[in-house]
Amino acid sequence: MFNNLLKHSIRSFKRQRAYIIINILGLAIGIACSLLIALYVINEASYDRFNVKKDRIFRVILNGKIGGQEVSGSFTPAIMGPTLPREFPEVEDFLRMDGFGPTVVEYEQQIFTDNNIIEADSSFFNFFTIPVLKGDPDNLLNSPHKVVLSQTTARKLFGYVNPIDKLIKIGNDTAKYLITGVMGDVPSNSHFDASMVTSFLTNPRTKDPMWLNNSFSLYVLLKPNSSYTTVDAKFNDLIVKYVGPEVQKYLGTTIEEFLKRGNKYRFFLQKLTDIHLDNTVQGGFKAPSDPKYLIIFGSVAILIVVIAAINFMNLATAQASRRAKEVGIKKIGGSTRGMLITQFLTESFILAIVSLIFALFIIRLSLPYFNNLLGTRLSLNLFKAWYTIPGLILFTAIVGIMSGSYPAFFLSSFNPYEVLKGNVRNSTSNGRLRRILVVFQFAVSILLIVGTLIMNEQINYMLNKNVGFDKEHLIVIDRADVVGNKMKSFKENVKALPGVINIASSTALPGRTNNNNGYMIEGRKDETYMMTTSWVDYDFIDTYGMKLDSGRSFNESFTTDNRACIINESAMKNFSITDLEKTKILKPGEKAPDPYSIIGVVKNFNFESLRNPIQPYILLLQGDNNYWGYISVRISPVNYSTTINSIEKIWKEYSSNSPLQYYFLDADFEKMYSQEKQNARMAMIFSILAIFIAALGLFGLTSYTVEQRTKEIGVRKAMGSSISGIYVEISKEIILLVSISALIAWPIIYYYAGKWLENFYYKIDLGFFSFIAGLTIALGIALITISYRVIKAAMVNPAQSLKYE
């Protein structure tokens, strides 16, 4: 008898082992996904919170609207910084900052390009909690041509030699910079990167008295217990006092009249800790994150854990008959329902703890890939904070209780007399709850699959849409100012190369705008218009393959083109321009007396992300002293690497051996959609994992169903049913459940996908393909999942099936 009991126990364990593994694997993946997303969300939400004075630091934002165009940006005049402490008693200190862009750094024989050099006032270290490792904190940036290096940059240039008082060359400045300090590396969760910080006083524009020249990021440190709303309320008087006279001078109207016409011009304060998650503000140093995505992926994390918990519930309740006798005997032996509930919850908690251990192992393996995908430096340090391990245990306990609560209450409710009489099968035959849970799992999976397909479809649309110019085979050289007044000769030499089709210079490019200026139209005294401005040479339109709607391009044979302009179709439409010859453009504040004549209208081209409509754009002719910005070279796709090497040789001749910095315009254009591409990849990964977890549960349920229907399968086989007939009989319920899941998921994802697409001015139409594809993928995976167990059972000899107990 003992041997029979032992054999039965071993057989019972072997039968349940597969279900235990499925539960652990599903929960481990679910917990790992949720923890990875939690790490990402926490990191995004923690930007700039390392700063000790974070609650007193604010960034000044300009909100302007001219001619129907509204913009909010981190743009302020240089003069505003020193003015605020004088005007507002709440302001303790100010800090102006600006980025250099890609800049060549030279020290002795070392030459390299650095993308993270910023200039800042001497108050920089009073604002941000970045340790000064070497140097006098009071004299780091208090005079021109001083620079502080980050620890990494100091090691890169000098190794372990003390760099203090050494001189380095930065950019095109003829005077070298004195190294006055070394600071700790800027934390990755800061809204700016800085490998070097130079003195803001070096910039000649620091003395610019114009209030309408908004070029720099400005931060203020408020005194303790001061309210930023009080400061916000005072900006209006400041604008009237300082901006008003300039508006009167250059626009010929009072600031009050300017605002009454529907225009806006106001400043407000933005909390330091809000900067990274506010994508409505332009400018700044790092691209902000969209907080909507944090909500989306946080919700996805919860749903994936719920799917894993549902697996546990389904498999536990499906196996109720196997544990029914155990429950009956324990109840007869005196166990109360509460004791049984405690037992089952403890089992689920232990299972969850084991799953957590596996989840941490999965995270360790996947974090490098996850960081590469997101461009972050996330890490899981269990011992960094005292609450990490208790928090993980608490989270696991919640998951365990959520997973095991229903099975615990369900199993403990069995009547011992009915169970011991063998009636448990009848009392547990109703699988309505299990079907509902399967429908929920696949509804979530289909929702994620369809959402991912729509995101990818929108991204592909943006990458392949005709943007109004030819962005293929176009390389852009940074730092055109290095060539300076030798630009014409440089372009002639480059254009003579066999692989070069055309070459042009400009101050701005599609994807890299840097000037929004106010303009007026002659004869319209009370109207002001905002246009994105670029100064270009004679070859720009041809090099970019832009098309003219009317008029002509700039031409050297027309000497009057230095006072001519080309506008885009949006400018012509928005400003109600009907007669080009009679329309003259005025630039307020410009000393030249002659207005600009419109010589042509270029067809609209997307110079910003396809999230935005095409705004008015104006092209002006570059003057001899205006060769800053970019050089664009259209090259042949044949032997392009040889062509680039030849361009580099010519560049070094004209730039005193300075390294050539270039990029391909099409690749740079794609960077505008990096967040969408990143999020689409994340959504795809989590969709795959969600449906994998759901498939695991379905596999376990199918295995159990096949076991329960073994005799039925044997009878059907004996009566002449084919394997395909048995497969259809068992799988038709799965097809029905997955189809119901799709009907639930479709309207939900249709609504939220529509909301997401509202972020894009140019967007796809929501067609049927993605929705049908989501159902097809989910249905295919479900059928593949159950195929092995069903076909294997259908192939068993009916004589064996009929003997099965």
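Remember, it's a predicted structure, so these values are computed and weren't measured experimentally.

## Brief notes about the overall build of the protein chain
Line of reasoning, step 1. On a plain count of helices and strands, the protein chain comes out with 23 helices and 24 strands.
Line of reasoning, step 2. Residue burial in the protein chain is summarised as follows: out of 805 residues, 50% are buried.
Line of reasoning, step 3. In the protein chain, the share of contacts with a sequence separation of at least 24, taken over all contacts with a separation of at least 6, comes to 80%.
Line of reasoning, step 4. For the protein chain, the computed accessible surface area is about 37,700 Å², with 57% contributed by carbon and sulfur atoms.

## Topic: the environment of F312
Line of reasoning, step 1. Within the secondary structure layout, F312 lies in helix α7 (residues 291-318).
Line of reasoning, step 2. For the pair F312 and L351, spaced 39 residues apart in sequence, the C-alpha to C-alpha distance is 9.8 Å.

## Focus: a nonpolar patch on the surface
Line of reasoning, step 1. Together, L736, I740, I744, I748, Y751 and Y752 make up an exposed nonpolar region whose accessible area comes to about 570 Å².
Line of reasoning, step 2. The residue Y751 is located in helix α21 (residues 723-757) in this model.

## With respect to the environment of E246
Line of reasoning, step 1. Structurally, E246 is set in helix α5 (residues 228-251).
Line of reasoning, step 2. For E246, a relative accessible area of 11% translates into the label buried.
Line of reasoning, step 3. It is 7.2 Å that separates the C-alpha atoms of E246 and L212, two residues lying 34 residues apart in sequence.

## Remarks on the packing of helix α2 (residues 80-87) against α5
Line of reasoning, step 1. Relative to each other, α2 and α5 sit at 120°, their axes nearing to 12 Å. It follows from the interaxial angle that α2 and α5 lie oblique. As α2 packs across α5, the resulting crossing turns out to be right-handed. Contacts between α2 and α5 involve M80, T83, L84 and E87 from the former and F235, L238, K241 and Y242 from the latter.

## Observations regarding the confidence of the model for the protein chain
Line of reasoning, step 1. Per-residue confidence for the protein chain gives a mean pLDDT of 83, with 87% of residues at or over 70.
Line of reasoning, step 2. Under a pLDDT of 50 for its full length, residues 4-13 has, in the predicted model, zero contacts with residues more than four places off or in other chains.
Line of reasoning, step 3. For the stretch residues 426-430, pLDDT sits under 50, and the model shows five contacts to residues farther than four places along the chain or on other chains.

## Topic: the nonpolar core
Line of reasoning, step 1. Ranked by internal contacts, the top residues of the largest apolar core, which has 110 residues, are F442, F540, Y544, F686 and V738.
Line of reasoning, step 2. Here this core takes 14 residues from helix α13 (residues 432-464), the largest share from any one element.
Line of reasoning, step 3. In this view, V738 contacts F442, I446, L775, A778, L779 and A782; residues no more than four positions away in its chain are not counted.
Line of reasoning, step 4. The next biggest cluster of nonpolar side chains, apart from the first, holds 27 residues, and it includes V91, V220, I255 and F267.

## Examining the packing of aromatic side chains
The geometry of an aromatic ring pair comes down to the distance between the two centres and the angle between the two planes.
Line of reasoning, step 1. Enumeration over the complete set of coordinates arrives at 31 aromatic pairs.
Line of reasoning, step 2. Here the aromatic rings of Y662 and F664 are separated by 6.3 Å at their centres, their planes lie at 75°, and the arrangement is edge-to-face.
Line of reasoning, step 3. Overall, the relative accessible area of 36% leaves Y662 in the partly exposed class.
Line of reasoning, step 4. Look at Y751 and Y752: their rings are 5.1 Å apart centre to centre, the planes differ by 85°, and that puts the pair in the edge-to-face class.
Line of reasoning, step 5. Note on Y751: relative accessible area 46%, which makes it partly exposed.
Line of reasoning, step 6. Overall, Y752 belongs to the exposed group, its relative accessible area being 53%.
Line of reasoning, step 7. Put simply, the rings of F124, F125, F127, F128, F192, Y219 and F285 touch in pairs and so form one group of aromatic residues.
Line of reasoning, step 8. Over the ring of Y762 we find K465, and its NZ or CZ is 4.7 Å from the ring centre.

## Structural notes on the side chain of K465
Line of reasoning, step 1. With respect to the helices, strands and loops of the structure, K465 is situated in the loop between α13 and β14 (474-477).
Line of reasoning, step 2. Within the buried core, K465 has no salt-bridge partner, and the shortest N-O distance to an opposite charge, that of E569, equals 10 Å.

## Examining the pattern of salt bridges
Line of reasoning, step 1. Inspection of every chain in the model, using the stated rule, returns 16 salt bridges.
Line of reasoning, step 2. Between R512 and D668 there is a salt bridge, with its nearest N and O atoms 2.8 Å apart. With a gap of 156 residues between them, R512 in the loop between β15 (500-506) and β16 (516-521) and D668 in helix α18 (residues 665-670) connect regions that are remote in the sequence.
Line of reasoning, step 3. Note that K603 is salt-bridged to D549, the shortest N-O span being 3.5 Å. With K603 in the loop between β21 (596-602) and β22 (617-621) and D549 in strand β18 (residues 548-551), this pair connects stretches of sequence that are 54 residues apart.

## Observations concerning α2
Line of reasoning, step 1. The set of residues buried in α2 consists of M80, G81, T83 and L84. Along the axis of α2, the buried positions cluster into a sector of 160°, meaning they face one direction only.
Line of reasoning, step 2. Elements in contact with the buried residues of α2: β1 (57-66), β3 (91-99), β12 (217-222), α5 and β13 (264-271).

## Some remarks on the pairing of β15
Line of reasoning, step 1. Most of β15 sits inside the fold, with six of its seven residues counted as buried.
Line of reasoning, step 2. Where β15 meets strand β23 (residues 630-635), six bridges bridge the pair, whose relative direction is antiparallel. The residue of β23 that forms the bridge with S505 is I631.

## Quick notes on the side chain of R96
Line of reasoning, step 1. Take R96: it is sitting in strand β3.
Line of reasoning, step 2. Here the side chain of R96 touches A78 through a polar contact of 2.9 Å, landing on its backbone oxygen.
Line of reasoning, step 3. Look past the residues within four positions of R96 in its chain and what remains in contact with it is A78, G81, P82, E119, A120, D121, F200, T206, S217 and L218.

## Quick notes on the packing of helix α14 (residues 487-495) against helix α17 (residues 640-654)
Line of reasoning, step 1. The geometry of α14 relative to α17 is characterised by a closest axis approach of 10 Å and an angle of 160° between their N-to-C directions. One way to sum up the angle between α14 and α17 is to call them roughly antiparallel. Crossing of α14 over α17 shows right-handed handedness. Within the contact between the two elements, α14 uses S489, F490, N493 and V494 and α17 uses I647, I650, W651 and Y654.

## A word on the pairing of strand β19 (residues 564-568)
Line of reasoning, step 1. For β19, the tally of buried residues reaches five of five residues, placing the bulk of the element in the interior.
Line of reasoning, step 2. With burial as the criterion, each face of β19 is covered, one bearing A564, I566 and N568 and the other bearing C565 and I567.
Line of reasoning, step 3. Of the pairings in the sheet, the one linking β19 to β21 comprises five bridges and is parallel in character. If you follow N568 over to β21, its bridge partner there is V602.

## Concerning unusual backbone geometry
Line of reasoning, step 1. Positive phi is not limited to glycine here, since D165 has a value of about 75°.
Line of reasoning, step 2. Checked against the element boundaries, D165 lands in the loop between α4 (151-158) and β9 (167-170).
Line of reasoning, step 3. Taking relative accessible area as the criterion, D165 reaches 57% and is therefore assigned exposed.
Line of reasoning, step 4. For H473, which is not glycine, the phi torsion reads 55° and is therefore positive.
Line of reasoning, step 5. Among the structural elements, H473 can be located in the loop between α13 and β14.

Parameters at a glance
- Residues numbered from 1 in each chain as written.
- Predicted model: local features only at pLDDT ≥ 70, side-chain atom pairs only at ≥ 80, totals over all residues.
- Heavy atoms only, no water.
- Helix = DSSP H or I, 4+ residues; strand = E, 2+ residues; numbered from the N terminus.
- Buried < 20%, exposed > 50% of the residue type's maximum accessible area, 1.4 Å probe, protein only.
- Contact = heavy atoms within 4.5 Å.
- Areas by Shrake-Rupley, 256 points an atom, 1.4 Å probe, with all protein chains shown as cover.
- Patch = residues over 30% accessible without salt bridge, like charges linked within 9 Å, V, L, I, M, F, W, Y side chains within 5 Å.
- Salt bridge = Lys/Arg side-chain N within 4 Å of Asp/Glu carboxyl O.
- Axes fitted to C-alpha atoms, helices over the stretch in contact; angles between N-to-C directions.
- Parallel < 35°, antiparallel > 145°, perpendicular 65-115°, else oblique.
- Left-handed = near helix turned anticlockwise from the far one by under 90°.
- pLDDT = per-residue confidence, 0-100.
- Core = buried A, V, L, I, M, F, W, Y, C linked by side-chain atoms within 4.5 Å.
- Phe/Tyr/Trp six-rings, centres within 6.5 Å; stacked < 30°, edge-to-face > 60°.
- Lys NZ or Arg CZ within 6 Å of the ring centre and 35° of its normal.
- Lys, Arg positive; Asp, Glu negative; His and termini not counted.
- Arc of directions from axis to C-beta.
- Pairing = 2+ DSSP bridges.
- Polar contact = N/O pair within 3.5 Å; in protein donor to acceptor, adjacent residues only side chain to side chain.

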